[in-house]
Structure formats: structure tokens, C-alpha cells
Amino acid sequence: MNKETIYRSIAFFLLAGLCEIGGGYMLWIALKNKQPFWLGIFGAMLLAAYGVIATLQPANFGRTYAAYGGIFVVMALLWGWMVDKIRPDLYDIIGAGIILAGAIVIFYAPRKVI
């Protein structure tokens, strides 16, 4: 992968993460906290957008979703910290670091083209 492809891929991962976590959060608060129904509908639309954004990645489905899982974990912890004010503890940070390292290897490791 060249630099441009890597940067675009990282942007897609981040955008997909914001849509999935933000959409899930909106749906969560609409249903659990009895917030307005439209908030849940908008959250569901963001969840659908997340599924479309993931298709823009250059890798295959399995590799993309495996790597995205690592990105999602880190972003979910950051969301919890920024939005819910739940600061990640040492074990959250260690776990997220391990998962993120794995995601980077899975998605960006150089491979032979067969």
C-alpha cells in the first residue's frame, strides 16, 4: 500500500468508527434513556452509513472487519472518556494497545500478491 492509500484507509476507519459508535450511542440513549424517537432513527441511519463506509476499504471483508474491530475498541474507549466521562484505566489502555497493534499488523502488513 502506498501512503495515500494508507491515509485514506485510516480516514475510512475513523469515519466508520464515528458512525458506528455515534449511531449506536444515539440509538442507546433514545431507547434506554427515553430520549426523542428521531434520535434513534438518526442513530440507525448512522449505523447503516458505517456499513457502507467499510466497503470503501482496499482489503477484503474479513481482513477489513478484523482490523476495524481493533480500531473500534480504541474509539469506543475514547468515546466513553470524552462523552460519558469514564476515564480508561491502565488495563483498558494496555488492552487497547495490544488490540490496536494487532489491527495494524492484520491490515497494513506487507503481503505478497498471489
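The structure contained in this document is the topic of the report that follows.

Definitions and cut-offs
- Residues numbered from 1 in each chain as written.
- Predicted model: local features only at pLDDT ≥ 70, side-chain atom pairs only at ≥ 80, totals over all residues.
- Heavy atoms only, no water.
- Helix = DSSP H or I, 4+ residues; strand = E, 2+ residues; numbered from the N terminus.
- Buried < 20%, exposed > 50% of the residue type's maximum accessible area, 1.4 Å probe, protein only.
- Contact = heavy atoms within 4.5 Å.
- Areas by Shrake-Rupley, 256 points an atom, 1.4 Å probe, with all protein chains shown as cover.
- Lys, Arg positive; Asp, Glu negative; His and termini not counted.
- Charge placed at Lys NZ, Arg CZ, Asp CG, Glu CD.
- Core = buried A, V, L, I, M, F, W, Y, C linked by side-chain atoms within 4.5 Å.
- Expected span 1.5 Å × (residues − 1).
- Polar contact = N/O pair within 3.5 Å; in protein donor to acceptor, adjacent residues only side chain to side chain.
- Arc of directions from axis to C-beta.
- 1 Å grid on protein atoms, 1.4 Å probe; cavity = no way out; pocket = protein on both sides within 12 Å on 5 of 7 lines; lining within 4 Å.
- Points joined across faces, edges and corners; volume = space filled by probe spheres on them.
- Nonpolar A, V, L, I, M, F, W, Y, C, P; charged D, E, K, R; others polar.
- Phe/Tyr/Trp six-rings, centres within 6.5 Å; stacked < 30°, edge-to-face > 60°.

1. Observations concerning the overall build of the protein
Of the regular secondary structure elements, the protein holds four helices and zero strands. Written out in order from the N terminus, the α and β elements of the protein read α-α-α-α. When its C-alpha atoms are laid out on the principal axes, the protein stretches across 50 × 35 × 20 Å. Counting over 114 residues, the protein shows a buried share of 27%. Intrachain contacts of the protein at a sequence separation of at least 6 include 68% that bridge at least 24 residues. Accessible surface, the protein: about 7,700 Å² in total, of which carbon and sulfur atoms supply 73%. In the protein, which carries 9 positive and 5 negative side-chain charges, the distance between the mean positions of the two groups comes to 7 Å.

2. Section: the nonpolar core
For soluble globular proteins, nonpolar side chains are generally found buried alongside one another. Formed by 14 residues in total, the largest nonpolar core has its most connected members in Phe13 and Tyr68. Broken down by secondary-structure element, the contributors of at least two residues to this core are helix H1 (3-32), helix H2 (37-54), helix H3 (61-82) and helix H4 (90-108). In terms of residue count, H1 provides more of this core than any other element does, five residues in total. Among residues more than four places away in sequence, those in contact with Phe13 are Gln57, Thr64, Ala67, Tyr68, Ile71, Met75, Phe107 and Tyr108.

3. What to know about H3
Taking 1.5 Å of rise per residue, 22 residues should cover 32 Å, and H3 covers 30 Å from first to last C-alpha, within 8% of that figure. Those residues of H3 lying buried are Thr64, Ala67, Tyr68, Gly70, Ile71, Met75 and Gly80. Where H3 is buried, its residues meet H1, H2 and H4. A distance of 3.2 Å separates the backbone nitrogen of Gly62 from a side-chain oxygen at the start of H3, and that oxygen is part of Asn60.

4. Quick notes on the side chain of Thr64
Residue placement: Thr64 occurs in helix H3. Reaching out from Thr64, the side chain makes a polar contact with the backbone oxygen of Ala59 at a distance of 3.4 Å. Not counting the four nearest positions on each side in its chain, Thr64 is found in contact with Phe13, Ala54, Gln57, Ala59 and Phe107.

5. Observations regarding H2
Helical periodicity: at 3.6 residues per turn, an α-helix aligns residues three or four positions apart in one direction. The end-to-end C-alpha distance of H2, which contains 18 residues, comes to 27 Å, matching closely the 26 Å that a straight helix rising 1.5 Å per residue would cover. Inspection of H2 places Leu39, Gly40, Gly43, Leu46, Tyr50, Ile53 and Ala54 among the buried residues, and these make up the whole buried set. End-on, the buried residues of H2 take up no more than an arc of 130 degrees, which puts them together on one face. Set apart from the buried face of H2 by more than 90 degrees, the exposed residues are Phe37, Trp38, Met45 and Val52. Contact partners of the buried residues in H2: H1 and H3.

6. Regarding empty space enclosed by the protein
Taken as a whole, this structure holds one cavity of 30 Å³ or more when the rule is applied. Surrounding the largest cavity, Phe12, Phe13, Ala16, Ile53, Ala54, Gln57, Thr64, Tyr65 and Tyr68 form its lining. Those elements giving two or more residues to the lining of the largest cavity turn out to be H1, H2 and H3. Residue composition of the lining of the largest cavity, grouped by class: seven nonpolar, two polar and no charged.

7. Here we look at the packing of aromatic side chains
This model, assessed by the stated rule, comprises eight aromatic pairs. For the pair Phe107 and Tyr108, a centre-to-centre distance of 4.9 Å together with 80 degrees between the ring planes defines the contact as edge-to-face.

By themselves, these are just geometric observations and shouldn't be taken as functional.
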